[in-house]
Amino acid sequence: MPLLELTDVRTGYGSLPVLHGISFAVEQGELAVMLGLNGAGKSTTMMAIAGLLKTWSGSISFEDASVGRLDTAKRVQRGIVLVPEGRRVFPALSVTVNLRLGAWVRRRDRKALKERMEKVFEYFPRLAERRNQLAGTMSGGEQQMLAVGRGLMADPKLLLIDEASLGLAPKTAQELFQTVKQISKTGVTVIMVEQNAGALDVADRAFIMEKGTLIFQGAGDEELKATDLRAAYLG
Ligand SMILES: Nc1ncnc2c1ncn2[C@@H]1O[C@H](COP(=O)(O)OP(=O)(O)OP(=O)(O)O)[C@@H](O)[C@H]1O
Ligand SMILES: [Mg+2]
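Report on the accompanying structure. The structure presented is a predicted model; accordingly, all values stated were derived computationally and were not measured.

1. Observations concerning the site of ligand 1
- The local shell around ligand 1 holds 13 residues, among which N38, G39, K42, S43 and T44 are the closest.
- In the environment of ligand 1, an oxygen atom lies 2.8 Å from a nitrogen or oxygen atom belonging to the backbone of G39.
- One of the side-chain N or O atoms of Q195 is found 2.8 Å from an oxygen atom in ligand 1.
- Alone, ligand 1 offers 630 Å² of accessible surface; in the complex the protein occludes 60% of this.
- The element best represented in the shell around ligand 1 is helix 1 (residues 42–50), accounting for three residues.
- For the shell around ligand 1, the residue count by class is four nonpolar, six polar and three charged.

2. Some words on the sheet that holds strand 1 (residues 4–13)
- The strand order 2-1-4-5 describes an open sheet built from four strands, whose pairing is antiparallel. Strands at the two margins of the open sheet, each flanked by one partner only, are strand 2 (16–26) and strand 5 (65–66).
- The pairing of strand 4 (residues 57–62) with strand 5 spans two bridges and is antiparallel. Each residue of the ladder has a partner; that of F62, found in strand 5, is A65.

3. Quick word on the packing of aromatic side chains
- Counting across every chain of the model gives one aromatic pair.
- Here F24 and F207 contribute two aromatic rings whose centre-to-centre distance is 4.6 Å and whose plane-to-plane angle is 40 degrees, an arrangement assigned as tilted. Here F24 is found in strand 2, whereas its partner F207 is found in strand 9 (residues 205–210), with 183 residues between them in sequence.
- With a relative accessible area of 3%, F24 lands in the buried category.
- One cation-aromatic arrangement involves K119 over Y123; the distance from NZ or CZ to the ring centre is 5.5 Å.

4. A few points about the pairing of strand 7 (residues 158–162)
- With five of five residues buried, strand 7 is to be regarded as a mostly interior element.
- Covered by surrounding structure in strand 7 are L158, L160 and D162 together with L159 and I161, the residues of both alternating faces.
- Looking at chain direction, strand 6 (residues 80–83) and strand 7 are connected through four bridges and run parallel. Across the sheet, residue L82 finds its bridge partner in strand 7, namely L160.
- Alignment of strand 7 against strand 8 (residues 189–193), held across five bridges, turns out to be parallel. For D162, the partnering residue across the bridge sits in strand 8 and is V193.

Reading the values: the criteria
Residues numbered from 1 in each chain as written. Chains lettered and ligands numbered in written order. Predicted model: local features only at pLDDT ≥ 70, side-chain atom pairs only at ≥ 80, totals over all residues. Heavy atoms only, no water. Near = heavy atom within 4 Å. Polar contact = N/O pair within 3.5 Å; in protein donor to acceptor, adjacent residues only side chain to side chain. Areas by Shrake-Rupley, 256 points an atom, 1.4 Å probe, with all protein chains shown as cover. Helix = DSSP H or I, 4+ residues; strand = E, 2+ residues; numbered from the N terminus. Nonpolar A, V, L, I, M, F, W, Y, C, P; charged D, E, K, R; others polar. Pairing = 2+ DSSP bridges. Phe/Tyr/Trp six-rings, centres within 6.5 Å; stacked < 30°, edge-to-face > 60°. Buried < 20%, exposed > 50% of the residue type's maximum accessible area, 1.4 Å probe, protein only. Lys NZ or Arg CZ within 6 Å of the ring centre and 35° of its normal.

Printed below as a string of structure tokens:
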């Protein structure tokens, strides 16, 4: 039984259709990478899974239960957590406060909160060094680490990371992918939306989207190399 399964999901904005029937599954513990050009519908897919966008039809099941009608807060409680595109940290708040806000739905459990923050600091030592710094004064890469760290604070079973590497230097992006791999090895299932093909190095599964449809799914980079898609999409 897959952890997450989308079946023929259709949605869009207003009356404009964007996803034209998306079906895929991700197994527990997998690190999946979703690639595709600008406007392909990657973020729309992530928002549909996280409940930020209602689906028009089709189903989304998580841990064998239908979650497609639940609101975002309920999905977070079930363990579906989105790190949205564009480093949405709170600039005027410190690193620590940003992290604490990530655990808002579980804020009453102080001990667990402290443990999770220590865990985030292990993954991202840079955040520990800068824990009292205002998020808005951190570098782009540091803010991206903070955005991922904040997602981890909600104790996700499924972490959706939308273009974490955007604007990062290649080396910084690779480090981030390696850290995400470490996170996935602890049993957290991850879907990473990327335009950086370097992410395939850590992927257990790869998806390619084009114009609101999934045009490829396979087991990581090997299968993708066997097609001409890799060259077409990623240069
Ligand atoms: N709020 C919105 N209102 C109307 N159309 C939207 C909205 N958000 C996205 N779209 C449209 O939906 C389509 C898919 O957008 P989406 O953001 O999912 O693409 P993407 O694959 O994430 O692209 P990128 O790599 O540029 O982030 C695009 O044509 C976009 O213009
Ligand atoms: Mg996007």
